[in-house]
Amino acid sequence: MLATTREKLQTVSTATLATALFKRGLKNQFIQGVKPLEKGKPTMVGVAFTLRYIPAREDLNPITVFQDPRHPQRVAVETCPSGAVLVIDSRKDSRAASAGSILASRLMVRGAAGIVTDGGFRDSAEIAKLDMPSYHHSPSAPTNLTLHQAMDINVPIGCGDVAVFPADVVVGDDDGVIVIPAHLADEIADEAISMTLYEDFVTERVLEGHSIVGLYPLTLEANKKEFELWKQKMEASKD
């Protein structure tokens, strides 16, 4: 992902991105049932680095598996690239934690852009305080081993009913998390910037008492001219 694309995506909403994706026929890119542990943090943007869990089998998932340095959950935390988002497929099952505050802290100091699971995190209050965005379904105290067996790293997964491929671009804000196919990221970012500019104009006009008819969507010629003048004023104010 280009640095300029990252910068653009950090200034737009997941709602705007969802509309831009819908225009291209992509209707199922918003991860369902996932919310930020703490609202108000900067927008999360990063490429997807994935971890896949399967249902735990008791004879293969005792507490001693964590002693193995090759355990996939630990390897995922230690190899997730700086600037990436660790996305965990927990099969929408938050009865056991996908991770806890120590692993999330390790991700943060290694430079991860965020962490997402369609399950739950333990130590959720501590994770919420970290200087890294985090998203889950609901808090969960039991260790992941009780229900989840870590299997694969950086493979295509499902998270909250969304297909997530490695290197897809993941964006999260207070509404939730959306996944942009890697090959569309640059053009979606450009379109979202343009859409946001127009939405700012519309919001300003609506708060002044204007009707949305002919304004949202933009169909009246008079509104088109007003928008062009408004853009010129905005550009002039930056100089």
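Starting afresh in each chain, residues are numbered from 1 along the sequence in its written order. Per-residue local features are limited, in this predicted model, to residues with pLDDT of at least 70; the limit for side-chain atom pairs, both in listing and counting, is 80 or more; totals at the level of whole chains, interfaces and linings are taken over all residues. Based on all heavy atoms of the structure, the side-chain values leave hydrogens and waters out of the count.

Structural notes on the overall build of the protein chain
Strands are runs of DSSP state E lasting at least 2 residues, helices are runs of H or I lasting at least 4, and numbering of each runs from the N terminus. Tallying secondary structure elements over the protein chain gives seven helices and twelve strands in all. Taken along its principal axes, the extent of the C-alpha atoms in the protein chain is 70 × 35 × 30 Å. Scored against the burial criterion, the 239 residues of the protein chain give a buried share of 46%. Looking at the protein chain as shown, the accessible area adds up to about 12,000 Å², and 56% of this sits on carbon and sulfur atoms. Neither His nor the chain ends contribute to the count of charged residues, in which Lys and Arg are positive and Asp and Glu negative. Charged groups are reduced to one reference atom each: NZ for lysine, CZ for arginine, CG for aspartic acid, CD for glutamic acid. A gap of 3 Å separates the mean positions of the 25 positive and 31 negative side-chain charges of the protein chain. Only protein chains enter the accessibility calculation, which uses a 1.4 Å probe. A residue is then buried if its area is under 20% of the maximum for its type, exposed if over 50%, and partly exposed in between. The method behind every accessible area is Shrake-Rupley, applied with a 1.4 Å probe, and residues are considered shielded solely by the protein chains displayed.

Describing the pairing of strand β3 (residues 84–89)
In terms of burial, β3 is largely enclosed, as six of its six residues are buried. Of the two faces of β3, both are covered, the one formed by Ala84, Leu86 and Ile88 as well as the one formed by Val85, Val87 and Asp89. Two strands make a pair as long as DSSP finds a minimum of two bridges between them. Note: strand β2 (residues 44–55) against β3, six bridges, orientation parallel. For Arg52, the partnering residue across the bridge sits in β3 and is Asp89. For the handedness criterion, the strands are oriented away from the viewer, and a crossover whose path from the first strand over the helix to the second runs clockwise is classed as right-handed. Between the parallel elements β2 and β3, the chain passes through helix α3 (residues 72–79) in a crossover that is right-handed.

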